[in-house]
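# Examining the three-dimensional arrangement
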Amino acid sequence: MIAVFYIASIVAVVASVKVISSLRVDKAILYLVISLFASALMFILLNTYYSAVLYILLFIGGSVTIFVFVASILKISVDNVENHKQGISPKIWLGPLVLAFILLVALIYGVVSTDYSELTESHEVMHEMSKYAYILMAGLALFLLLGAVVITYHFMRRLMSEK
């Protein structure tokens, strides 16, 4: 689990740097989601489940989702307004999707490779950890599916406009 913690911390730092250095609002929001997912994973590994639940439900589930939908609906990106494009470009999703995939693979590896019989903690603590890890896996999978839907939409739109 130490390796998973280090991978999550590296992903959180990289995503946070991309949030700060990004010039587009929609790209910064996507990297912010990944940074919050990585932080929630670190809280789960540190056995602070209340903080992880706050990150997953309030920050990721509530506020950031609202920002993503508002940015998509209002098309506040300057490039999209100038070029008369619809929604968020699929190129923006590439970096966050790669980081989310790395985080999901590390989390699955951490859950699968842990030998729960060697741990001295009680069964209830291990059940809590696995429960929140599965919630985080579901959130990461939903983020990856959302990115796939956006990319598929743009791909099909281009395909239909060529015909």
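Shown above is the structure to which this text applies.
Predicted model, so just to flag it, every value in this text is computed and none were measured. (Residues numbered from 1 in each chain as written. Predicted model: local features only at pLDDT ≥ 70, side-chain atom pairs only at ≥ 80, totals over all residues. Heavy atoms only, no water.)

### Overview of the packing of helix α1 (residues 2-21) against helix α5 (residues 94-113)
Rules: A fitted line through C-alpha atoms serves as each axis, taken over the contacting stretch for helices, and the angle formed by two N-to-C directions is quoted from 0 to 180°. Only DSSP runs of H or I reaching four residues or more are called helices, and only runs of E reaching two or more are called strands; each is numbered from the N terminus. Roughly parallel means an angle under 35 degrees; roughly antiparallel means over 145; roughly perpendicular covers 65 to 115; every other angle is labelled oblique. By the definition used in this description, the sense in which the near helix is turned from the far one sets the handedness, with an anticlockwise turn below a right angle giving left-handed and a clockwise turn giving right-handed. Residues count as neighbours in contact if any of their non-hydrogen atoms are within 4.5 Å of one another. Gly is placed with the polar residues, together with every amino acid not listed as nonpolar (Ala, Val, Leu, Ile, Met, Phe, Trp, Tyr, Cys and Pro) or charged (Asp, Glu, Lys and Arg).
Taken N-terminus to C-terminus, the directions of α1 and α5 make an angle of 165°; their axes are 9 Å apart at the nearest point. As far as their axial angle goes, α5 and α1 are roughly antiparallel. Judged by the twist between their axes, the crossing of α1 over α5 is left-handed. Mapping the contact onto sequence places Val4, Ile7, Ala8, Val11, Val14 and Ala15 in α1 and Leu99, Ile102, Leu103, Ala106, Leu107, Tyr109 and Gly110 in α5. The class makeup of the residues in the contact of α1 with α5 is twelve nonpolar, one polar and no charged.

### Some details on the packing of aromatic side chains
Definition in use: Any pair of Phe, Tyr and Trp rings, taking the six-membered ring for Trp, is counted once the centres come within 6.5 Å. Such a pair is stacked with planes under 30 degrees apart, edge-to-face with planes over 60 apart, and tilted for the rest.
Per the counting criterion, the structure on display carries four aromatic pairs. Aromatic side chains Phe43 and Tyr55 sit 5.1 Å apart centroid to centroid with 55° between the ring planes, which places their arrangement in the tilted category. Here Phe43, found in helix α2 (residues 25-45), pairs with Tyr55, found in helix α3 (residues 49-74); they are twelve residues apart in sequence, far enough to count as distant. Taken together, the ring pairs in this structure connect Phe37, Trp93 and Phe143 into an aromatic cluster.

### Here we look at α1
Selection rule: Given a helix with a known number of residues, its expected span is that number minus one, times 1.5 Å. For each residue, the accessible area found with a 1.4 Å probe, counting protein chains only, is set against the maximum for its type, and the residue is called buried under 20%, exposed over 50%, and partly exposed in between. Along the arc lie the directions from the helix axis toward the C-beta atoms.
Taking 1.5 Å of rise per residue, the 20 residues of α1 would be expected to cover 28 Å, and the 29 Å separating its terminal C-alpha atoms lies within 8% of that figure. Those residues of α1 lying buried are Val4, Ala8, Val11, Ala12 and Ala15. The arc enclosing the buried residues of α1, seen along the axis, measures out at 105°, which places them on a common side. Exposed residues lying more than 90 degrees from the buried face of α1 are Ile2, Tyr6, Ile10, Val13 and Ile20.

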